[in-house]
Amino acid sequence: MQPTSTDLPAMALSGEVRVPAWLSVAALRSMPQREMTVSFECRTSGPRRHYFTGPLLIDVLQAAQPLFDPGERKDRLRFLIAVRGRDGHRAVLSWGEIDPEFGNTAALLAVSMDCRALDEQGPHLVMPGDRCGARHISQVTDLGVHAGDRLWG
């Protein structure tokens, strides 16, 4: 399904999932929201502190129904999440670091920053606890869920 002009900017959610999707900020806003204040040290502009709201990344990804083996609890630990922003900034996360049964990092797909809606920009990936904020990705355009099988040969 391609996004419509009213959905732009839209984020593609694809990969090894049963329900790939195009998600607008409005669609993300319709999901359960979390709030968090995040501080980090930016190498070029010093300390930063921002207030974000949005759904948890794990909730967005689980709605896409990743292709885990349901009979094997730890199967999800071999999955990686690739995130790309409009400016080309990329990061890779492991499923285990955001899964509540394992690392439990409350990664967020922010729909607002400092009480300003991000509808025209697109969602931001927020990784609380990151010291320098390098995995904060503005204007996320792509989320991919992939099994890391190629890593093992």
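Residue positions are counted from 1 within each chain, in the order its sequence is given. For a predicted model such as this one, the threshold for reporting local features is a pLDDT of at least 70, and the threshold for listing and counting side-chain atom pairs is 80 or more; totals across whole chains, interfaces and linings nevertheless cover every residue. Only hydrogens and water are set aside when side-chain values are computed; all heavy atoms of the structure are taken into account.

Describing the packing of aromatic side chains
Aromatic ring pairs are reported here in terms of the distance separating the ring centres and the angle at which the planes meet.
Then, number 1: Here a Phe, Tyr or Trp ring, Trp counted by its six-membered ring, pairs with any other such ring whose centre lies within 6.5 Å, and the pair is stacked when the planes are under 30 degrees apart, edge-to-face when over 60, and tilted otherwise. Tallied over the full model, the rule gives two aromatic pairs.
Then, number 2: When the centroid spacing of 4.8 Å and the interplanar angle of 80° are considered together, the rings of F68 and F79 count as edge-to-face. One end of the pair, F68, is in the loop between α2 (57–63) and β5 (79–85); the other, F79, is in strand β5, with eleven residues separating them in the sequence.
Then, number 3: Ring plane angle 80° and centroid distance 4.8 Å describe the contact between F68 and W95, whose orientation is recorded as edge-to-face. Pair noted here: F68 is in the loop between α2 and β5 and W95 is in helix α3 (residues 95–98), with a separation of 27 residues, a long-range link.
Then, number 4: Among the aromatic residues, ring-to-ring pairing joins F68, F79 and W95 into one connected group. Secondary structure is summarised from DSSP: a helix means a run of H or I of at least four residues, a strand means a run of E of at least two, and numbering begins at the N terminus for each.

Examining the pairing of strand β2 (residues 21–24)
The side chains of a regular strand alternate between the sheet's two faces.
Then, number 1: Whether two strands pair depends on DSSP finding at least two bridges between them. Across four bridges, strand β1 (residues 10–15) lies against β2 in antiparallel orientation. Residue A10 lies in a different strand from β2, and its bridge partner there is S24.
Then, number 2: Between β1 and β2, which pair antiparallel in sequence order, lie five residues.

Quick notes on the environment of R18
Then, number 1: If you trace the backbone, R18 turns up in the loop between β1 and β2.
Then, number 2: As a C-alpha pair, R18 and A64 span 46 residues in sequence and 6.1 Å in three-dimensional space.
Then, number 3: Any pair of residues with heavy atoms lying within 4.5 Å of one another is described as a contacting pair. Those residues in contact with R18 that sit more than four places away from it in its chain are A64, Q65, P66 and L67.

As for the sheet that holds strand β11 (residues 140–147)
Then, number 1: Pairing is mixed in the open sheet, where five strands are placed in the order β2-β1-β11-β5-β6. Here the strands that pair on one side only, and so sit at the sheet edges, are β2 and β6 (90–94). Adjacent strand axes in the sheet meet at a mean angle of 20° when their direction is disregarded.
Then, number 2: As paired strands, β5 and β6 are joined by five bridges and run antiparallel to one another. Bridge pairing in β6 places A82 opposite V92. Inter-axis angles, ranging from 0 to 180 degrees, are taken between N-to-C directions of lines fitted to C-alpha atoms, where helices are fitted over the stretch in contact.

Some remarks on the sheet that holds strand β3 (residues 34–42)
Then, number 1: Across the sheet, which stays open at both edges, the four strands sit in the order β3-β4-β8-β9 with antiparallel pairing between neighbours. Unpaired on one side and paired on the other, β3 and β9 (116–117) mark the two borders of the sheet.
Then, number 2: In terms of strand pairing, β3 meets strand β4 (residues 46–54) through nine bridges, oriented antiparallel. From the neighbouring strand, E41 faces β4, where its bridge partner is P47.

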